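Each chain is listed here by its residues.
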Amino acid sequence: MKRWGIGVVAVAVLVGSAACSSSAQEDGAASNTPDRIWEYRVHDAVSRADDLADAGLDLLEKREGNDLFVLGDDATGDQLRALGFSIAVNEEIVVPQWAPPPLRANNAELSPADVEETYYGGYRTVNAHYAHLDKVATDYPGLAKVVTYGQSWKKQTGRGGYDLKAICITKQAAGDCALSPNSAKPRFLLYTQIHAREITTGEVAWRWIDYLTANYNTDATVKQLVDTEELWVVPIANPDGVEIVQQGGSRPQLQRKNANTSNETTTTCSTPNHGVDLNRNFGSHWGGASTTRSVCGETYLGPRADSEPETQASESLWRKLFPAVRGPNPSDPSPATAKGLLLTLHSAANTVMFPWYYETVRTGNDATQRAIARQLGSITGYPYGQSGEVLYAASGSTDDWAYEKLGVAVFTIEVGAGGNCSGFLPAFSCQASTFWPKMRPALIYAAQKAVAPFKP
Ligand SMILES: [Zn+2]
């Protein structure tokens, strides 16, 4: 049996019930009934992915053949059997114990020393990420600028929370990094950790920011990119969710969604099941595939399209970064002259994907999208295709929204690896040994394609 994460693995720890509970549980509190958490293999489930989502189950971003994977406790296994699925335990989820950082007053003034604040063996906290953005802008004033583009749900509602932040990296000339879609330079945006527990993705963003700035004077490829493009990064798209992950008590919480508890009117969710799935909340084919209206479900789509402040702020930012160049029909193509590319990172399905996600109807740019995805797949070793081809269809996603409304080229890489670096919570050492070496050439290639992604 494989274990999630390596390091201190002697103690099996409660991760938190993946199912919806009607009884309140303190945030981060250890339960007296330490359910064991399993990753279930659900045989021949691809054609019934919606049934899994509808039931509020924690459908993982993982597929092997026609099998899908669900996270949960023993009751989850009973539920899957009751739904008529054939299941097997793929692995037990065992999380090593670690001490979380102190939770400071939110919105505290950050200092340069905060870049050192970590959790779970080296992963950087939200405050560390934001201190890092400030430090890079200070260290490289001619190359980097930090932009605040909105507020998290907790901040907007006076519950602490965070600003939403991006960084723009380019050899700064007059007018660069302006919040206006008609930029002189093509724009590449790396957008990560919208699903809070996918902790590898924010770490890749951190390393990408350092790579672009620290190597500007010594690496010709980096210099070319930074001189000729605006390289934007949103490292933590869901900071409230990441705060729940990092403050998990004796274990990282497997929080996927944001921290919005306002929809829990008739039921109270357990940690880590609060919130809205931001990647099902975007106003593109909202309410379709792979969503649930169960508020504690991991793919809870929210009370209406674009209900969440994180969703609204992202859409607003993208409208300011990318011009709308595509017609209204699903098969309308973006023109070959279009500039710009949005790359979102998730984990850990080991796939490269592109629109449409809501179903497997092809876009008017299928040939060029598929060619770029093929190359990203070649670089990473991952299979590529539309979401419904290589994983499962999903509605209300970032990628469909950006392509539908703006026509910007958009791709998702599900960052993963086998062996000891598999799953949501790989040991921090996997970042340097495995993920960054795999992702760096993929990011360079994707950034270079921002010049003319739809040019045949
Ligand atoms: Zn994800």
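As the structure is a prediction and not an experimental result, all values here were calculated from the model.

Chemist: Is there a simple way to think about the packing of aromatic side chains in this case?
Modeler: Pairs of aromatic rings are described using the distance from one ring centre to the other and the angle between the two planes. Going through the model one piece at a time under the given rule, you end up with 14 aromatic pairs. Judged by centre distance (5.1 Å) and plane angle (75 degrees), the rings of tyrosine 123 and phenylalanine 428 are edge-to-face. In this pair, tyrosine 123 is assigned in strand β6 (residues 123-124) and phenylalanine 428 in the loop between β14 (409-414) and α12 (429-449), connecting sequence segments 305 residues apart. Joined through ring pairs, the aromatic side chains of Tyr119, Tyr120, Tyr123 and Phe428 make up one cluster. The ring of phenylalanine 69 has lysine 62 lying over it, and the distance from NZ or CZ to the ring centre is 4.7 Å. The ring of tryptophan 206 has arginine 124 sitting right over it, with the charged end atom 4.0 Å from the ring centre.

Chemist: For this particular structure, what's the right way to read the sheet that holds strand β3 (residues 67-72)?
Modeler: Each strand in a sheet pairs with another by means of backbone hydrogen bonds, the pair being arranged parallel or else antiparallel. Taking strand neighbours across the sheet as the criterion, the four strands line up as β2-β3-β1-β4 in an open arrangement whose pairing is antiparallel. Every other strand in the sheet has two partners, leaving β2 (58-64) and β4 (87-92) as the edge strands with one partner each. Sheet twist, expressed as the average angle between the axes of neighbouring strands with direction ignored, equals 30 degrees. Here strand β1 (residues 38-42) pairs with β3 via five bridges, running antiparallel. From the neighbouring strand, glutamate 39 faces β3, where its bridge partner is leucine 71. Against the sheet, helix α2 (residues 74-82) makes contact with β1, β3 and β4, and its axis sits at roughly 15 degrees relative to β1, the strand it touches most.

Chemist: Even after reading the chapter, I still don't get helix α9 (residues 366-380), so can you show me in this structure?
Modeler: The periodicity of an α-helix, 3.6 residues per turn, causes residues three or four places apart in sequence to face the same way. Here α9 is 15 residues long and its end C-alpha atoms lie 20 Å apart, about the 21 Å a rise of 1.5 Å per residue gives. Along α9, the residues that are buried comprise Asp366, Thr368, Gln369, Arg370, Ile372, Ala373, Leu376, Gly377 and Thr380. For α9, the elements touching its buried residues are β12 (351-354), β13 (384-386), α10 (387-390), α11 (398-406), β14 and α12. Downstream of α9 by a residue or two, glycine 381 has a phi angle that is positive, lying close to 85 degrees.

Chemist: It is not clear to me how the state of the cysteines should be interpreted in this structure. Could you clarify?
Modeler: Covalently bonding the sulfur atom of one cysteine to the sulfur atom of another cysteine gives a disulfide. In the structure shown here, the tally under the stated rule is three disulfides. Covalent S-S linkage joins cysteine 269 and cysteine 296, the inter-sulfur distance amounting to 2.2 Å. Taking the sign of the S-S torsion, -90 degrees for the link of cysteine 269 and cysteine 296, the bridge is left-handed. Pair noted here: cysteine 269 is in the loop between α7 (239-246) and α8 (309-321) and cysteine 296 is in the loop between α7 and α8, with a separation of 27 residues, a long-range link. In this pair, the class of cysteine 269 matches that of cysteine 296, namely buried. Here cysteine 421 connects covalently by a disulfide to cysteine 430, the sulfurs 2.1 Å from one another.

Chemist: Please explain the coordination of the zinc ion as it appears in this structure.
Modeler: In an ideal octahedron of six donors the angles at the metal are 90 or 180 degrees, and in an ideal tetrahedron of four donors they are 109.5 degrees. With distances of 2.1 to 2.5 Å, the protein atoms coordinating the zinc ion are Glu61 (OE), Glu61 (OE), His195 (ND1), Glu198 (OE), Glu198 (OE) and His346 (ND1). Note that the zinc ion binds six donor atoms; their angles at the metal cover 54 to 148 degrees, and the shape is irregular. Each donor residue of the zinc ion lies on one chain, and together they are spaced E-x133-H-x2-E-x147-H. Of the two residues, glutamate 61 is situated in strand β2 and glutamate 198 in the loop between β9 (187-192) and α5 (199-214); the sequence distance between them amounts to 137 residues. For the residue pair glutamate 61 and glutamate 198, the accessibility class agrees, reading buried in each case.

Chemist: What's the story with the side chain of lysine 154 in this structure? I'm lost.
Modeler: Mapping lysine 154 onto the fold places it in helix α4 (residues 153-156). A polar side-chain atom of lysine 154 sits 3.0 Å from a polar atom in the side chain of glutamate 243. If sequence neighbours within four positions are ignored, lysine 154 has contacts with Arg159, Gly160, Gly161, Asp240, Glu243 and Ala259.

Chemist: What should I look at first to understand the side chain of threonine 412 in this one?
Modeler: The residue threonine 412 is located in strand β14 in this model. Among the polar contacts made by the side chain of threonine 412, one reaches the side chain of threonine 344 at a distance of 2.5 Å. Looking at threonine 412, its side chain comes within polar contact range of the side chain of tyrosine 357, at 3.5 Å.

Chemist: Can you help me understand the pattern of salt bridges in this one?
Modeler: A pair can form between side chains of opposite charge whenever their charged atoms are brought close. For the structure on display, the rule yields 21 salt bridges. Note that glutamate 39 and lysine 62 form a salt bridge whose closest N and O atoms lie 2.7 Å from each other. One end of the pair, glutamate 39, is in strand β1; the other, lysine 62, is in strand β2, with 23 residues separating them in the sequence. When its relative accessible area of 2% is taken as the criterion, glutamate 39 is described as buried. Between lysine 154 and glutamate 243 there is a salt bridge; the shortest N-O distance is 3.0 Å. Placement of lysine 154 in helix α4 and of glutamate 243 in helix α7 is noted, with a sequence separation of 89 residues between them. In terms of burial, lysine 154 and glutamate 243 fall into one category: buried.

Chemist: What exactly am I supposed to notice about the environment of phenylalanine 411 here?
Modeler: In this structure, phenylalanine 411 sits in strand β14. A relative accessible area of 1% means that phenylalanine 411 is categorised as buried. In this structure, the C-alpha to C-alpha distance between phenylalanine 411 and threonine 344, residues 67 residues apart in sequence, is 6.3 Å. With residues up to four places along the chain from it excluded, the contact list for phenylalanine 411 reads Leu341, Leu342, Leu343, Thr344, Met353, Phe354, Tyr357, Gln369, Ile372, Ala373, Leu376 and Asp399.

Reading the values: rules and limits
- Residues numbered from 1 in each chain as written.
- Predicted model: local features only at pLDDT ≥ 70, side-chain atom pairs only at ≥ 80, totals over all residues.
- Heavy atoms only, no water.
- Phe/Tyr/Trp six-rings, centres within 6.5 Å; stacked < 30°, edge-to-face > 60°.
- Helix = DSSP H or I, 4+ residues; strand = E, 2+ residues; numbered from the N terminus.
- Lys NZ or Arg CZ within 6 Å of the ring centre and 35° of its normal.
- Pairing = 2+ DSSP bridges.
- Axes fitted to C-alpha atoms, helices over the stretch in contact; angles between N-to-C directions.
- Contact = heavy atoms within 4.5 Å.
- Expected span 1.5 Å × (residues − 1).
- Buried < 20%, exposed > 50% of the residue type's maximum accessible area, 1.4 Å probe, protein only.
- Disulfide = S-S within 2.5 Å.
- Donors = N, O, S within 2.8 Å, 3.2 Å for Na, K, Ca; no water.
- Tetrahedral: all angles 85-135°; square planar, octahedral: opposite > 155°, others 65-115°.
- Polar contact = N/O pair within 3.5 Å; in protein donor to acceptor, adjacent residues only side chain to side chain.
- Salt bridge = Lys/Arg side-chain N within 4 Å of Asp/Glu carboxyl O.

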